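These are the residues of each chain, in order.
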Amino acid sequence: MERANHDTAADFALLFPDYRPTALVELPRLAQTAGIGRVFAKLENQRPFGNFKVLGGMLAGLRALMRASGTASLQELLAGNARAATLPTLVCASDGNHGLSVALAAQRAGAQARIYLPSSVGPLRVQRIVDRGAQVVIVEGSYDDAVDAAAAAVATGDGLLIADTDADPGNLVVADVMAGYRLIADELGVQLRDSGVRPGHAFIQAGVGGLAAAMAEGLMPHLRGGARLVVVEPEAAACVAHALSRGEPTLIEGELHTVAEMLACGLASAAALPALRRAGATTATVDESGLAEAVYLLREAGGPRSTPSGAAGLAGLLKVAGDPALAREHGLHGTSEVVVIVTEADPAAGTTGD
């Protein structure tokens, strides 16, 4: 993990020479709506291809190809010094964004990619992956069914699995994915210091928990002492809350249908839980109307056009702030300063950078 954290900014700058940190903006109207002191939003919709996942799957996929081919550096891999014919096919399961990032890794290296998607993924997200030269396999069922299908394919020797979740907390690829997300925290640390603020809360959305875990490791030291990390999930897919309460990842029941489609996950990542426990993370769930409303309120407050998945952290803040009992439980009050992450642009808005 240390190596990946140390090299992430340099690797990302090599992939995108015009790299610059995504913006951290203050949104006073949202603070007023929530009845708190200040709200700061990290705009990951500005990331290449419109979402934070490019930091995880793309870098993890390329590093896995380096290991598989014996290539000494990312620069050497991108230069084509590893013959494309010898590179394994990259395989993953996704709700859309992780699959796009893995497809990008394969495209940059001259390799093949096969992406397993649940049948609920919309045609626009499917097409973005196909446009990167990847093969898409539609799996009837949930995201977790797609995870099982991808793992089963790789178990027969059919490619190299680039997963963002695994039952093994020591999985190197998953660690690389989470290390990629740490770049967000590294940028935030500098931005908060330069702004002279140390917020007391971070509301971070979770699918399988990788982003939240990366923020637990990387962002919490930049917040004030005793700061709270609140993991936000859809009510229909609260797998991280379920895992934290049981002490281990356990598949939740139900169909996992939610407007926050990128968060429709039924089994938390084992690699994410230790960091969340160390940070003393708490959880909040949001219903479908709250997830949808957050998109509108973010835009009305001067923020970017996003999705229910991208604005889910904000939805969790508004849910907690609007319920006095929840506000007391999470230590939220009228002078609280809060960080949220807008994790994706709305693909339909045509602002995703691809």
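*Asks:* What is the right way to look at the sheet that holds strand 10 (residues 337-342) in this model?
*Replies:* Whether parallel or antiparallel, the strands of a sheet pair through hydrogen bonds between backbone atoms. The mixed open sheet is built from six strands, whose spatial order is 1-2-10-7-8-9. Every interior strand has two partners, whereas the edge strands, strand 1 (24-26) and strand 9 (282-286), have only one. Strand-to-strand twist across the sheet, computed as the mean angle between neighbouring axes with direction ignored, equals 25 degrees. When strand 7 (residues 201-205) meets strand 10, the two strands line up parallel, connected through three bridges. Bridge pairing links Phe203 to Val340 in strand 10. The strands that helix 10 (residues 239-246) touches are strand 8 (228-234) and strand 9; relative to strand 8, the one it contacts most, it runs at about 125 degrees.

*Asks:* Whenever I open this one, the packing of aromatic side chains confuses me. Can you help?
*Replies:* Aromatic ring pairs are defined here through the distance separating the ring centres and the angle between the ring planes. This structure, assessed with the given rule, holds four aromatic pairs. Centroid distance Phe12 to Phe16: 5.0 Å. Interplanar angle 50 degrees. Geometry classified as tilted. The pair Phe12 / Phe16 is uniform in exposure class, with both members buried. With relative accessibility at 1%, the residue Phe12 sits in the buried group. Among the aromatic residues, those joined into a cluster by ring pairs are Phe12, Phe16, Tyr19 and Phe49. Here the guanidinium or amino end of Arg108 rests over the ring plane of Phe16, the centre of that ring lying 5.1 Å away.

Conventions and cut-offs
- Residues numbered from 1 in each chain as written.
- Predicted model: local features only at pLDDT ≥ 70, side-chain atom pairs only at ≥ 80, totals over all residues.
- Heavy atoms only, no water.
- Pairing = 2+ DSSP bridges.
- Helix = DSSP H or I, 4+ residues; strand = E, 2+ residues; numbered from the N terminus.
- Axes fitted to C-alpha atoms, helices over the stretch in contact; angles between N-to-C directions.
- Contact = heavy atoms within 4.5 Å.
- Phe/Tyr/Trp six-rings, centres within 6.5 Å; stacked < 30°, edge-to-face > 60°.
- Buried < 20%, exposed > 50% of the residue type's maximum accessible area, 1.4 Å probe, protein only.
- Lys NZ or Arg CZ within 6 Å of the ring centre and 35° of its normal.

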